[in-house]
Amino acid sequence: MGASNSRDIDTSITSEGGERVRIKYGVAYVQGSPVITEDDHAIVPDLDDTTSFFGVYDGHGGHEVALLCAKLFHIELKHHPNYQNDLVIAIRSVFSRMDELLQQSNEWREFVDPTAKSNFLQRVICPIANPWYRKREAPYVPPQNTGCSASVVVIRGNWVIVGNVGDSHCVASRNRQAIQLSTDHKPRHPYERVRIESAGGNIDIDQQVVKEAGQRGMFATSRAIGDFEFKQNKTLPPEEQIVICNPDIHDMEITNDVEFLVIASQGIWESMTCQGVVDYVHDELEHVTNPRVICERLVRFAQAVTDLDLTAILIQFKHEAPAPVPVPVPVPVPAPAPAAEESEEASDGQEIKSNASDGQEIKPAASNEQQQPPFAPNG
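Basis of the calculations
Residues numbered from 1 in each chain as written. Predicted model: local features only at pLDDT ≥ 70, side-chain atom pairs only at ≥ 80, totals over all residues. Heavy atoms only, no water. Helix = DSSP H or I, 4+ residues; strand = E, 2+ residues; numbered from the N terminus. Buried < 20%, exposed > 50% of the residue type's maximum accessible area, 1.4 Å probe, protein only. Contact = heavy atoms within 4.5 Å. Areas by Shrake-Rupley, 256 points an atom, 1.4 Å probe, with all protein chains shown as cover. Phe/Tyr/Trp six-rings, centres within 6.5 Å; stacked < 30°, edge-to-face > 60°. Lys NZ or Arg CZ within 6 Å of the ring centre and 35° of its normal. Pairing = 2+ DSSP bridges. Axes fitted to C-alpha atoms, helices over the stretch in contact; angles between N-to-C directions.

Asker: So what about the overall build of the chain? Which residues, and what values?
Answerer: Each helix and strand in the chain was counted, giving nine helices and 15 strands. Every one of the 379 residues in the chain was classed for burial, and the buried ones make up 53%. For the chain, long-range pairs separated by at least 24 residues make up 68% of all intrachain contacts whose partners lie at least 6 apart in sequence. For the chain, the exposed area adds up to about 16600 Å²; of that, 53% sits on carbon and sulfur atoms.

Put into structure tokens, the structure is as follows:
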């Protein structure tokens with residue numbers, strides 16, 4: 001099965017699923033009533049002979065940036081020079097690559113929607129009738145208030161690697177306990193607040209990012225792809241802007257006690273805690289074997305609580321299947337995790353089994369200072 005992208009203008013739930021030697025998977029999605037947020041996803045179970053890819057892209061201000069990521073992120077990842085020998089570096093670079101493409105020119109819009117190309121009159125007739133036509137064209141401006149959160153999952157051999165920015169998340173179930181494999185990038189976290197304020201941004205009373213004091217309700221996450229209104233400080237590198245696209249990356253070995261993963265957009269996590277989602281899936285698994293059906297029910301359950309877009313992907317591991325050929329996964333250099341984040345997440349009601357509590361089961365990736373520069377465009 002190739003990449004599949006979700007965008008449904010109806011409020012009915014759409015779902016699909018499939019199966020491979022070692023995994024079963026399903027996805028369900030529905031667009032909520034507001035049109036300012038639109039989810040997309042990508043499912044590529046056979047990215048190569050040993051690698052599967054899953055991604056959820058939670059758009060805001062429109063669907064275009066999320067759709068670009070759903071169409072292109074996994075392709076750029078597979079062509080990255082470190083794809084085979086260092087997935088952590090490759091994943092981190094592709095997040096930056098998405099921002100790079102958005103800033104270069106308007107061509108990304110044509111990739112997302114071929115019908116968006118300039119029509120014949122604009123390309124041919126207008127320049128003939130008015131030779132100064134092209135000279136008066138406005139310079140390209142990247143999307144200012146359109147962007148997306150992203151949570152991508154790469155499964156290779158007995159390892160899962162997760163990269164995320166924003167508030168789309170991945171949670172694993174180990175012995176029925178929720179293991180969060182992503183980081184919630186909220187402005188309220190001290191280490192995010194320091195960067196935001198150092199770059200000239202502010203945080204309003206609703207804990208949202210704003211460019212100027214006195215503004216209200218501009219941006220609820222502190223990391224995202226796109227949203228270049230918050231990335232305009234020319235004296236600072238990309239990783240020090242008000243909003244950044246630098247991901248947090250976690251990895252975990254898929255041992256026999258790891259039952260499944262759930263990747264979902266913000267609407268799911270606004271409706272349920274991590275442990276709540278794990279418990280819900282386990283309850284369904286007692287009498288349902290199809291992960292697509294479970295995703296449909298999970299989305300329908302959350303739909304009763306929120307009017308946001310909803311996307312949920314469930315990946316079950318078939319441990320009775322033949323073991324794959326071992327594939328070495330580089331262990332990221334640990335970066336000190338802010339203690340404030342774990343305590344604050346706990347206070348939000350997130351029932352999470354943290355990596356500190358289970359013996360380094362989830363290893364943080366290299367710190368922001370160790371990230372690699374964006375790679376050159378593919379030939």
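The structure having been displayed, the exposition proceeds.
Asker: Outline the packing of aromatic side chains, supporting the account with residue identities and numerical values.
Answerer: Summed over all chains, the structure comprises five aromatic pairs. Both rings, one in tyrosine 280 and one in phenylalanine 301, keep their centres 5.3 Å apart while their planes meet at 45 degrees; by these two values the pair is tilted. Residue tyrosine 280 is located in helix 7 (residues 274-285), and its partner phenylalanine 301 is located in helix 8 (residues 291-303); the two are separated by 21 residues in the primary sequence. In this structure, arginine 156 packs its charged tip against the face of tyrosine 83, placed 4.7 Å from the ring centre. The ring of phenylalanine 228 has lysine 231 sitting right over it, with the charged end atom 5.1 Å from the ring centre.

Asker: Please set out unusual backbone geometry residue by residue, giving values where relevant.
Answerer: Here asparagine 175, not a glycine, exhibits a phi torsion of approximately 50 degrees, which is positive. Structurally, asparagine 175 is set in the loop between strand 7 (169-174) and strand 8 (177-180). The phi dihedral of aspartate 227 falls on the positive side, at around 55 degrees, and the residue is not glycine. Secondary-structure assignment places aspartate 227 in the loop between strand 11 (225-226) and strand 12 (248-253).

Asker: Tell me about the pairing of strand 2 (residues 23-30), residues and numbers included.
Answerer: Burial analysis of strand 2 places eight of its eight residues in the buried class, which makes it a mostly covered element. Of the two faces of strand 2, the one holding Ile23, Tyr25, Val27 and Tyr29 and the one holding Lys24, Gly26, Ala28 and Val30 are both buried throughout. Relative to strand 14 (residues 310-317), strand 2 is paired through eight bridges, and the arrangement is antiparallel. Opposite valine 30, over in strand 14, you have leucine 310 as the bridge partner.

Asker: Explain the sheet that holds strand 1 (residues 14-19) to me, using residue names and the numbers behind them.
Answerer: Taken together, the six strands give an open sheet; going across it, the order is 1-2-14-13-7-8, and neighbouring strands pair in antiparallel fashion. Every interior strand has two partners, whereas the edge strands, strand 1 and strand 8, have only one. Across the sheet, the axes of successive neighbouring strands diverge by a mean angle of 15 degrees, strand direction being ignored. Bridge analysis of strand 7 against strand 13 (residues 258-264) gives six bridges, and the strand direction is antiparallel. If you follow cysteine 170 over to strand 13, its bridge partner there is isoleucine 263. Sheet contacts for helix 7: strand 7, strand 8, strand 13 and strand 14; angle to strand 13, the most-contacted strand, approximately 120 degrees. Its contacts with the sheet put helix 8 on strand 1, strand 2, strand 13 and strand 14, and the angle it makes with strand 2 is roughly 30 degrees.

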